[in-house]
Amino acid sequence: MSLKKKLGFDDVFIRPSLSDISSRKEVQLEREFRFRHSPRVLRCVPMMVANMATTGTFKMGLECAKYKVITCLHKFYTVDELYEFYSGLQEEYYPYVWVTVGIRDEDLTKLNELTLRLKTKGCHHIPNLLVDVANGHSKRFIQVVSELRNKFPQPIIMAGNVCIPEVVDLLSNAGADLVKLGIGGGNQCLTSEKTGVAYPPISCIKECRKNYICWDGGVRNPGDLCKCYVAGADFAMMGSLFAGTDECDGWENIQEELSDYYEHTYNAYNFEFPRYYATHLEAGTLTNLSDDGIGGIAKIVTHDPTLETVSKIVGRRLKHYGMSSDHAKEVHYGHVPDYATSEGKVSYIDPKGQVSSVIKDLMGGLRSCGAYINAKTIEQFKDGELLRT
């Protein structure tokens, strides 16, 4: 039994040191990676957008690639959608948009079909891969990683999630260039509550840092991100920090009923009502309204003045959910297995604007941290010192 204290983000701070850096702009955030298995050289800002259904989108991938930030696409795109996307993707963006696969037969079949179609088109640059399951501590998972490496020698392969060094070593030996860490710590994760299984991030990173690793889960702000790199992570993946940006999918309109809008009785009327739309129009028709239901000019013609409701769109929110939640299972697989419990939760997130603003905020925090700890490159963050609180 090991009852030694394990450390999370809230258990440590970063110690400043005497610095040669006179300006934060001197801190270089791009890093070059050469991997054990893939021959590809990757130069990027080592941040990743999580492969969640809301954040791992084509729009996210295109925008983040401009900053050399990696997006791992969610695995629910069809082969046709992926083929169309990669067929039109600019070559310089290819290293930054990764395909996600699970270990189900249908996931592997889809990957094989995608790669075959891309090769047929003449595209021999197979996208980099994330092999992703909730619990990677299984022989079956390690076997699939090995099979994928043998079949696809070129792409960078990241595999996870795991949290103990012996399994990190096994995955690395099986063909993973990069291992994704994190069990029970995600902002949308309920694994620790439902199973009692978890591993605090700082200790997990420090114990697994001899291989290339990516921390995934629970990064709430730029400070937590800085702690990941000082602890020894090579990459960090974030979902909730990017959720709510314009590039996400899964938005819902927030409506407010206007119950007094039809106090006056008319057989017909013609009016403008920007940002309004009518619902339950069994008694009339609604025409000439913009496609997204916001703005435009509407004409309601009716001989029954008692339309049921008129609503105003007062905003929108993102329905952001963990991929092990009941909601995710119902939406993407059509049912919740009787033998399983929900290990994810659903949250509603207000709009944050363009993802570029989130990226700039994270980069700004990293540069400032580098200036405090005399780290001129993001790789030198590992030389920083953590203090227990």
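Residues numbered from 1 in each chain as written. Predicted model: local features only at pLDDT ≥ 70, side-chain atom pairs only at ≥ 80, totals over all residues. Heavy atoms only, no water.

Participant: Got a sec to walk through helix H4 (residues 139-151)? Specific residues and values, please.
Facilitator: Relative to the 18 Å expected for 13 residues at 1.5 Å per residue, H4 spans 18 Å between its end C-alpha atoms, a close match to the ideal helical length. Where H4 is concerned, the buried positions are Phe-141, Ile-142, Val-144, Val-145, Leu-148 and Arg-149. With its buried residues spanning 160° around the axis, H4 presents them on a single face. Among the exposed residues of H4, those pointing more than 90 degrees away from its buried face are Lys-139, Asn-150 and Lys-151. Those residues of H4 that are buried are in contact with strand S6 (97-101), helix H3 (105-120), strand S7 (129-132), strand S8 (157-162) and helix H5 (165-174). (Helix = DSSP H or I, 4+ residues; strand = E, 2+ residues; numbered from the N terminus. Expected span 1.5 Å × (residues − 1). Buried < 20%, exposed > 50% of the residue type's maximum accessible area, 1.4 Å probe, protein only. Arc of directions from axis to C-beta. Contact = heavy atoms within 4.5 Å.)

Participant: Let's hear about the sheet that holds S7: which residues, and what values?
Facilitator: Read around the barrel, 8 strands follow the order S4-S5-S6-S7-S8-S9-S10-S11 and close on themselves; strand pairing throughout is parallel. Across the sheet, the mean angle separating the axes of adjacent strands is 25° when strand polarity is ignored. (Pairing = 2+ DSSP bridges. Axes fitted to C-alpha atoms, helices over the stretch in contact; angles between N-to-C directions.)

Participant: I'd like a description of the packing of helix H7 (residues 201-208) against helix H8 (residues 222-231), backed by residues and values.
Facilitator: The axes of two packed helices give the description: the angle between them and the distance between them. Look at H7 against H8: their axes get within 9 Å of each other, and the N-to-C directions meet at 30°. With respect to each other, H7 and H8 are oriented roughly parallel. Two packed elements cross with a definite hand, and for H7 against H8 that hand is right-handed. Residues Ile-202, Ile-205 and Lys-206 of H7 touch H8, and the partners they reach there are Lys-227, Cys-228 and Ala-231. Considering only residue class, the contact of H7 with H8 consists of 4 nonpolar, no polar and 2 charged. (Parallel < 35°, antiparallel > 145°, perpendicular 65-115°, else oblique. Left-handed = near helix turned anticlockwise from the far one by under 90°. Nonpolar A, V, L, I, M, F, W, Y, C, P; charged D, E, K, R; others polar.)

Participant: Describe the confidence of the model for the protein chain, listing the residues and the values that go with them.
Facilitator: Summary statistics for the protein chain give a mean pLDDT of 86 and a share of 85% for residues scoring 70 or more. Of the regions scoring below 50 in pLDDT, residues 260-304 engages in 83 contacts with residues more than four places distant in sequence or in other chains. (pLDDT = per-residue confidence, 0-100.)

Participant: Account for the packing of helix H1 (residues 58-65) against helix H10 (residues 355-373), with residues named and values stated.
Facilitator: In the contact formed by H1 and H10, the axes pass within 10 Å of each other and the chain directions differ by 45°. Taken as axis vectors, H1 and H10 run oblique relative to one another. In this structure, H1 crosses over H10, and the sense of that crossing is right-handed. Judged by residue contacts, Met-60, Glu-63 and Cys-64 of H1 engage Val-355, Ser-356 and Ile-359 from H10.

Participant: Residue-level account of the pattern of salt bridges, with values.
Facilitator: Counted according to the given criterion, the structure contains 22 salt bridges. One salt bridge connects Arg-34 with Glu-32, and the closest N-O pair in it is separated by 3.3 Å. Among the residues examined, Arg-34 registers a relative accessible area of 56% and is labelled exposed. For Glu-32, a relative accessible area of 39% puts it in the partly exposed group. Between Asp-249 and Lys-59 there is a salt bridge, and its shortest N-O distance comes to 3.2 Å. Here Asp-249 is found in the loop between strand S11 (235-238) and strand S12 (251-257), whereas its partner Lys-59 is found in helix H1, with 190 residues between them in sequence. Under the relative-accessibility criterion, Asp-249 is labelled partly exposed at 28%. Judged by its relative accessible area of 43%, Lys-59 falls in the partly exposed class. Several salt bridges converge on common partners, so that one network encompasses Arg-31, Asp-234, Glu-379 and Lys-382. (Salt bridge = Lys/Arg side-chain N within 4 Å of Asp/Glu carboxyl O.)

Participant: Outline the state of the cysteines, listing residues and values.
Facilitator: Across all of its chains, the model carries 0 disulfides by this definition. A disulfide-free cysteine, Cys-163 has its sulfur positioned 5.4 Å from the sulfur of Cys-204, the nearest such atom. (Disulfide = S-S within 2.5 Å.)

Participant: Lay out the pairing of strand S10 (residues 213-216) with the relevant residues and their values.
Facilitator: The side-chain alternation of S10 yields two buried faces, one formed by Ile-213 and Trp-215 and the other by Cys-214 and Asp-216. Note that strand S9 (residues 178-181) and S10 share 3 bridges and pair parallel. Bridge pairing in S10 places Val-179 opposite Ile-213. Note: S10 against S11, 3 bridges, orientation parallel. Looking at the pairing, Asp-216 lines up with Met-237 of S11.

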